[in-house]
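Residue-level listing of the chains:
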Amino acid sequence: MLRLEQRQQPSKLMLYLTPVLAVLTTMAVGGLLFVALGIAPGRAIYLLFIDPFVDSYNLSQLFVKASPLILIAMGLSIGFRAGVWNIGAEGQFIMGALAGGAVGLALWGMTGWWILPLMAVAAALGGALWGLIPALLKIRFNASEILVSLMLVYVAENFLAQMVQGVLRAPDGMGFPESRNLGRNEPTALPDVFPALGINAGGVTMLVLLALAFFLLQKHALGFQIKLTGDSPRAARFAGVKPGVIIALCLGVSGAAAGLAGLFELTGAAGKLTIDFPLGYGFTAIIVAFLGRLNPVGILLAGVVLAGTYIGGENAQFMLKLPAAAVTVFQGMMLFFLLGFEILINYRVKRLRRAV
Amino acid sequence: MSVLLEVESLSKSYPGVKANDEVSFAIQKGEIHALLGENGAGKSTLVKMIYGLVKPDSGAMLLEGQPYAPPKPSMARKSGVSMVFQHFSLFEALTVAENITLGMDDAPNRRELSAKIRAVSQDYGLPLDPDRLIGDMSVGERQRVEIIRCLLQNPRLFIMDEPTSVLTPQEVEVLFGTLRQLSANGVAILYISHKLDEILALCDHATILRHGKVVATCTPKEETATSLAEMMIGGELDIHIATTFSPGAVVLQLQGLDMQSKNPFGTSLRGVSLALRKGEILGIGGVAGNGQDELLAALSGEEKIAPAMIELAGEGIGGLGPNERRERGLLSAPEERLGHAAAPVMSLSQNAFLTGRIRKGLAPNGVINARKTNDFAREIVKAFDVRTPGVQVAAKALSGGNLQKFVIGREVLQAPEVLVVNQPTWGVDAAAAAAIRQALRQLAADGAAVIVISQDLDELMEISDTFAVLAEGRLSRPQPAEGLTVEEIGLMMGGDLEGANHAEA
């Protein structure tokens, strides 16, 4: 019989090494999977995990994919620290893109530097409001924010479908269910800042917000209250923390971050609103947040790694005929191994000898 | 008498600490044997090894001459060793019989069990109805359930960890009667306690531990409380206490404080009134579960009530939250150290920030001043002799007594106008308890007003100027502590709100 026994002092070093170990294990187990599929494992692993980080074209794409992941994960991590489980970032991502996109489309034909910032504000508000629905239901009725936020993803998806077939449909789009292309319209297109690195205005905003999050969690009393709420809700009350405020704040902030990411995706990589606009970033960001240990610096690294699997997965898809679901499998494996190793850090496995 | 259990040079180390170092002692059949020692002396580790919860690194045990090394508690129980823990493991929503069934390795059917429970409870003078819900029972009654659960297994050795910390004086007498009867029937009892007078009154032999080693064995009847305490702490017990009481103006006033308890098994406060003066220590006695937690929550600001129910320096503050009250000088220290007064995984420094932020100005404009916060934490550690490698250590890594010193120190060093503490020395060793009481005394001498909620009557008599009892959510009228008799206190505990001095009212 095996039993888990809590360790007195979990190793600090291992705590930081686990994400690396999780990625390595995913490669190894993935290799076995490729063998089973009849694909040369070495080449597949290279395409999936190495190529995205060494090929210069891929490198420029890397940050484009990583930015929204990191931005969303940053927002989620603040909530996760407080024990507020926002699983619906995907929905907030869509609503942000819709709100920001609607503003951009309403101002179609106008010019001015202020248009894009205004869209960003609208996107952040849209995402935040979508996030505040589960917050209010939790505060008022103690409804699980996990379920409500997740369910609202599907509401958002259907709302998006309605919009692109209705009021937001491009008038000159020959009836296709998609909006005008905001990415090809100067006042609404996201400007590139370091094109070679794939860093656009969204990426810069993301880095600034990440630094702010770092400051909030490490140096600010509010960050302390957030962490305290997650660690020990009763002590938090004693310290004067109002639980409702923290819940609303966490869901609002993570919703706003996801909404902003939605807008950057819309005005950058995607260009227009379509039914297929959401790519699952809102869900992948949950993995990014945990792989990065809910720590802003860790999330930055984890976001790049996960973005790599997206790019590597696409390449492997047409070069090796790998099924599209393989990427999702890899991402899932990574989270699985991460959580598994985490248990082994905090607990040791003890073999129980049968009683004599 | 012959030897029942022989412990031979048991050792157990945890990373960084030798919890037990070559501990040897013997328990005779049918004797009541005391295990005495400060917090962190290694008592818990030792009994956990005897009960099969912890495996010794080296050493051996003999039970009636046979090698005894229980790999787990169920094996210990099979060998006739039972234990009642300080914290009960009972489900409040289940009945007595259901709870007892859950703990049994081979439970008989319900009717048979109920009959057995009734028989055992009658034999030992522990009245208990098998069909009652645990949630409706007092702490003393719950302890009975735990005891009977053990007795049903016909133990030869019965371990009790700090059994009286939650009992009324009357309940203590009942318990002692039961233990003496068990002992007369040949059951040996290993009795762990801090309370020296109990050991003097009850125990046949005592083994005293300090820093994981046996430092003395004695026959309590030949000792005094002071000599036992000296053996335990390895020095003289200093209990010089200022007793001059000259109260100043009223600073805190409660007027007809009513509060519904949030906890379904809690006790609502009903019409609690008192007037607390500067320099006064008000001791509030009473058995746990009579509204103590609720009173602390109402005073700390965790629960809000009508503003006028609490007046601090003439201002109605019942509607204010904890930090607004701290700003005005009303501080508090709840009973539960880990998870309420302090966050377990956070460092001492962060825990110092937890309540010290406002009065110590640790986060002007919201940005945490790390240097000032660390300084404050170090100040607490130094002033209250908190034994820790540093202030970056997690709160849960400290022993209970050390953390308690930290929690009390954190509030005292913020120079409160009014300090409310619940169970300030619960589970704390004699030396630390004396230090904490001394600090509270000093605080009052410097002009603050203090409310001490405690179940330890000796403690309350020692430090209080005035005394009241909380019974079923009502507070008796506070009166001078000096000259109160046990009978008068008993009356108050029974719900007589006026206490003894009817004439004055």
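Please read these numbers as outputs of a predicted model, since none were measured by experiment. Counting restarts for each chain: residues are numbered from 1 in the order of the written sequence. Chain A is the first chain written and ligand 1 is the first ligand written, with later ones labelled in order. For this predicted model, a pLDDT threshold of at least 70 governs which residues receive local features, and a threshold of 80 or more governs which side-chain atom pairs are given and counted, while totals over whole chains, interfaces and linings are taken from all residues. Note that water and hydrogens are dropped before the side-chain values are worked out from all heavy atoms of the structure.

Segments assigned H or I by DSSP are reported as helices when at least four residues long, segments assigned E as strands when at least two residues long, and all are numbered from the N terminus. Each helix and strand counted, chain A has 13 helices and 4 strands in total. What the globule rule says is 2.2 Å times the number of residues to the power 0.38, and the radius of gyration is computed from C-alpha atoms. The C-alpha atoms of chain A give 22 Å as radius of gyration, which agrees with the globular expectation for 356 residues (21 Å, within 12%). Expressed along its principal axes, the backbone C-alpha trace of chain A runs to roughly 85 × 60 × 35 Å. Only protein chains enter the accessibility calculation, which uses a 1.4 Å probe. A residue is then buried if its area is under 20% of the maximum for its type, exposed if over 50%, and partly exposed in between. Within chain A, the fraction of its 356 residues that count as buried is 51%. We call two residues contacting when some pair of their heavy atoms lies within 4.5 Å. For chain A, the share of sequence-separated contacts (at least 6 apart) that also reach a separation of at least 24 residues comes to 76%. With the model as given, the accessible surface of chain A reaches about 16,500 Å², and the carbon-plus-sulfur share is 67%. A residue counts as positive if it is Lys or Arg and as negative if it is Asp or Glu; His and the chain ends are not included. In plain terms, the charge of a residue is placed at NZ if it is Lys, CZ if Arg, CG if Asp and CD if Glu. Each charge class in chain A was averaged separately, 24 positive and 15 negative side chains, and the resulting centres sit 17 Å apart. Here the Shrake-Rupley method, with its probe set to 1.4 Å, supplies the accessible areas, and only the displayed protein chains count as covering residues.

Moving on to the domain arrangement of chain B. Segmentation of the chain into domains, including their bounds, is taken from an automatic or database domain assignment. Examined at the domain level, chain B breaks down into domain 1 (3-233) and domain 2 (250-504). Inter-centroid distance (C-alpha atoms) of domain 1 of chain B to domain 2 of chain B is 31 Å.

Bringing empty space enclosed by the protein into the picture now. All names here are of chain A. Cavities and pockets were defined on a 1 Å grid built over protein atoms only: a cavity is a set of grid points that admits a 1.4 Å probe from which the probe cannot escape, a pocket is an open set flanked by protein on both sides within 12 Å along at least five of seven lines, and lining residues are those with an atom within 4 Å of any such point. Grid points are joined across faces, edges and corners, and a volume is the space filled by probe spheres set on the points. Applying the stated criterion across every chain, the model contains 4 cavities of 30 Å³ or more. Computed from the structure, the largest cavity encloses a volume of approximately 110 Å³. Lining the largest cavity we find 16 residues, and of these V64, S67, P68, N200 and F264 sit closest to its centre. Asp, Glu, Lys and Arg are counted as charged, while Ala, Val, Leu, Ile, Met, Phe, Trp, Tyr, Cys and Pro are counted as nonpolar; the rest, among them Gly, fall into the polar class. Residue composition of the lining of the largest cavity, by class: 9 nonpolar, 6 polar and 1 charged.

Attention now moves to the pairing of strand β8 (residues 188-193) of chain B. All names here are of chain B. Of all the 6 residues making up β8, 6 are buried; the element is thus mostly covered by neighbouring parts of the structure. Of the two faces of β8, the one holding A188, L190 and I192 and the one holding I189, Y191 and S193 are both buried throughout. Paired strands are those between which DSSP finds at least two bridges. Of the pairings in the sheet, the one linking strand β7 (residues 157-161) to β8 comprises 5 bridges and is parallel in character. Considered in β8, the bridge of D161 is made with I192.

Residues and elements named next belong to chain B. If you trace the 4 strands from one edge of the open sheet to the other, you get β12-β11-β14-β15, paired in antiparallel fashion. Two strands in the sheet have a free side with no partner beyond their single neighbour: β12 (269-277) and β15 (315-316). Docked against the sheet, helix α9 (residues 292-300) engages β11 (250-259), β12 and β14 (310-312), running at close to 120° with respect to β11. For helices, the fitted line uses only the C-alpha atoms of the stretch in contact; every axis is such a line through C-alpha atoms, and the angle between N-to-C directions lies from 0 to 180 degrees.

Here the focus is the pairing of strand β4 (residues 58-63) of chain B. All names here are of chain B. Two elements, strand β1 (residues 3-14) and β4, share 5 bridges in a ladder whose sense is antiparallel. In the strand pairing of β4, L5 is matched with L63. Counting the residues that bridge the hairpin from β4 to strand β5 (residues 66-67) gives 2 residues, and of these E64 lies at a positive phi of roughly 50°.

Residue and element names in this part refer to chain B. Cysteine sulfur pairs qualify as disulfides if the two atoms are within 2.5 Å. Counted according to the given criterion, the structure contains 0 disulfides over all chains. The structure places no disulfide on C150, whose sulfur is separated from the nearest cysteine sulfur, that of C203, by 17 Å. Overall, the relative accessible area of 0% leaves C203 in the buried class.

What follows covers the interface of chain B and chain A. Counting from both sides, the interface comprises 32 residues of chain B and, opposite them, 21 residues of chain A. A combined buried area of about 2,100 Å² lies between chain B and chain A, and 63% of that area is made up of carbon and sulfur atoms. Pairs of N or O atoms within 3.5 Å make up the polar contacts considered here, provided that, within protein, one atom can donate a hydrogen while the other can accept it, and that residues adjacent in sequence are counted only when both atoms are side-chain atoms. Counting every contact that joins chain B to chain A gives 9 residue pairs in polar contact (both at pLDDT 80 or more). Elements with a contribution of two residues or more to the side of chain B that touches chain A: α10 (322-327) and α11 (348-356) of chain B. With 4 residues, the single largest contributor to the side of chain B that touches chain A is α11 of chain B. Here the residues of the side of chain B that touches chain A sort into 16 nonpolar, 9 polar and 7 charged. A quick way to say it: buried area is the sum, across both parts, of accessible area lost when two parts are put together, with a 1.4 Å probe.

This part takes up a nonpolar patch on the surface. All names here are of chain A. Residues with no salt bridge and a relative accessible area higher than 30% make up the patches, which join like charges within 9 Å and nonpolar side chains (Val, Leu, Ile, Met, Phe, Trp, Tyr) within 5 Å. A pair is scored as a salt bridge if a Lys or Arg side-chain nitrogen falls within 4 Å of a carboxyl oxygen belonging to Asp or Glu. Nonpolar side chains collect at one region of the surface, where L2, L4, I343, L344, Y347 and V349 lie side by side and expose about 530 Å² of accessible area between them. Among the elements of the structure, β1 (2-6), α13 (325-346) and β4 (347-351) are those that each provide at least two residues to the nonpolar patch. With respect to the helices and strands, the residue I343 is situated in helix α13. A residue is classified by how much of its surface remains accessible, and I343, at 41% relative accessible area, is partly exposed.

Two aromatic rings are characterised by how far apart their centres lie and by the angle between their planes. The criterion for an aromatic pair is that two Phe, Tyr or Trp rings (for Trp, the six-membered ring) have centres within 6.5 Å, with stacked assigned to planes under 30 degrees apart, edge-to-face to planes over 60 apart and tilted to the rest. Applying the stated rule across the entire model yields 12 aromatic pairs over all chains. Both rings, one in F49 of chain A and one in F330 of chain A, keep their centres 5.7 Å apart while their planes meet at 80°; by these two values the pair is edge-to-face. In this pair, F49 of chain A is assigned in helix α2 (residues 41-54) and F330 of chain A in helix α13, connecting sequence segments 281 residues apart. A residue is classified by how much of its surface remains accessible, and F330 of chain A, at 2% relative accessible area, is buried. Between Y51 of chain B and F85 of chain B, the ring centres sit 5.9 Å apart and the planes meet at 70°, which makes this aromatic pair edge-to-face. Here the residue Y51 of chain B occupies a position in the loop between α1 (43-50) and β4, and F85 of chain B occupies one in the loop between β6 (81-84) and α3 (96-103), the gap between them amounting to 34 residues. Relative accessible area serves as the criterion here: at 6%, Y51 of chain B is assigned to the buried category.

Residues and elements named next belong to chain B. Evaluated as defined, the whole model comprises 23 salt bridges over all chains. A salt bridge links R142 to E92; the nearest nitrogen and oxygen atoms lie 2.8 Å apart. With R142 in helix α5 (residues 139-151) and E92 in the loop between β6 and α3, this pair connects stretches of sequence that are 50 residues apart. Relative accessible area serves as the criterion here: at 16%, R142 is assigned to the buried category. With a closest N to O distance of 3.0 Å, E141 and R132 form a salt bridge. The exposure class of E141 is buried, given its relative accessible area of 18%. Classification of R132 by relative accessible area gives partly exposed; the value is 30%. Here the salt bridges share partners, and the residues they tie into one network are K18, D21 and K213.

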